[in-house]
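Descriptive structure summary
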Amino acid sequence: MPDTAEPVRDDAVGHAEGPPEAPDIRLKPVLLAGLFIVVFVAVTLAGMRLYRDMVITSPNTEEPRTFAGPALQRDPQGDLARLLADQRRRLDTYGWVDQTRGIARMPVTEAMRRLGERGSDAYAAPLQPELVPPLGSRGGAASPLPPPGTVAASPKEVR
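None of the values given here were measured: they were computed from a predicted structure.

Turning our attention to the overall build of the protein. Looking only at helices and strands, the protein features 4 helices and 2 strands. In sequence order, the secondary structure elements of the protein are arranged as α-α-β-β-α-α. When each of the 159 residues of the protein is scored for burial, the buried share is 4%. Intrachain contacts of the protein at a sequence separation of at least 6 include 0% that bridge at least 24 residues.

Printed below as a string of structure tokens:
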């Protein structure tokens, strides 16, 4: 049974306060840990430098070799000049793109001149012919439309 002569300092029975904590931290362990970290980093860097000096600059190492680049093109400047000349020729001359469908190309300067002559109508949508089904059909259906005012016949009666 607990001693009743000792006063209880907490609301819960048996939960008294402990001794007060120290107002400061112990500085010696913190400084030692920091010193060990600094020494570890310094020793590591010194070891890496020593390794680099001994291994990489030793007389036994070979100089890096250079290799020729891949021979993808024999004359890249000439290829580029030919490509640009071909593109310039296509932009500056008339020619067929697809003669069977009637598609041709024209020089860019001529196309720009023609667009300038048209004015604001140059960018309007082209007129498309309207496809109208023949009179009396139902848009391509097999049987013609019944005359107005009559009842449609069943498919069995049409045959």
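In this structure, strand β1 (residues 95-98) lies alongside strand β2 (residues 103-105), joined through 3 bridges in antiparallel fashion. Residue Gly 95 lies in a different strand from β2, and its bridge partner there is Arg 105.

Moving on: the pattern of salt bridges. Within this structure, the stated rule accounts for 9 salt bridges. Via salt bridges that share partners, Glu 110, Arg 113, Arg 114 and Glu 117 belong to a single interconnected network.

Listed under "transmembrane region" (unreviewed entry) in the UniProt record, and renumbered for this structure, are residues 30-51. This span, residues 30-51, is 100% helix and 0% strand, and a straight line between its end C-alpha atoms measures 32 Å.

Moving on, we come to the confidence of the model for the protein. Here the protein averages 79 in pLDDT, while 67% of its residues score no lower than 70. Summarising per-element confidence for the protein, the mean pLDDT is lowest in helix α4 (residues 155-158) (55) and highest in helix α2 (residues 76-92) (94).

On the surface, a nonpolar cluster with roughly 470 Å² of combined accessible area is contributed by Leu 32, Leu 35, Phe 36, Val 39 and Val 43. By the secondary structure assignment, Leu 32 is in helix α1 (residues 27-55). Relative accessible area serves as the criterion here: at 35%, Leu 32 is assigned to the partly exposed category.

Cut-offs and rules
- Residues numbered from 1 in each chain as written.
- Predicted model: local features only at pLDDT ≥ 70, side-chain atom pairs only at ≥ 80, totals over all residues.
- Heavy atoms only, no water.
- Helix = DSSP H or I, 4+ residues; strand = E, 2+ residues; numbered from the N terminus.
- Buried < 20%, exposed > 50% of the residue type's maximum accessible area, 1.4 Å probe, protein only.
- Contact = heavy atoms within 4.5 Å.
- Pairing = 2+ DSSP bridges.
- Salt bridge = Lys/Arg side-chain N within 4 Å of Asp/Glu carboxyl O.
- UniProt positions renumbered as here; feature names shortened; annotations may be inferred.
- pLDDT = per-residue confidence, 0-100.
- Patch = residues over 30% accessible without salt bridge, like charges linked within 9 Å, V, L, I, M, F, W, Y side chains within 5 Å.
- Areas by Shrake-Rupley, 256 points an atom, 1.4 Å probe, with all protein chains shown as cover.

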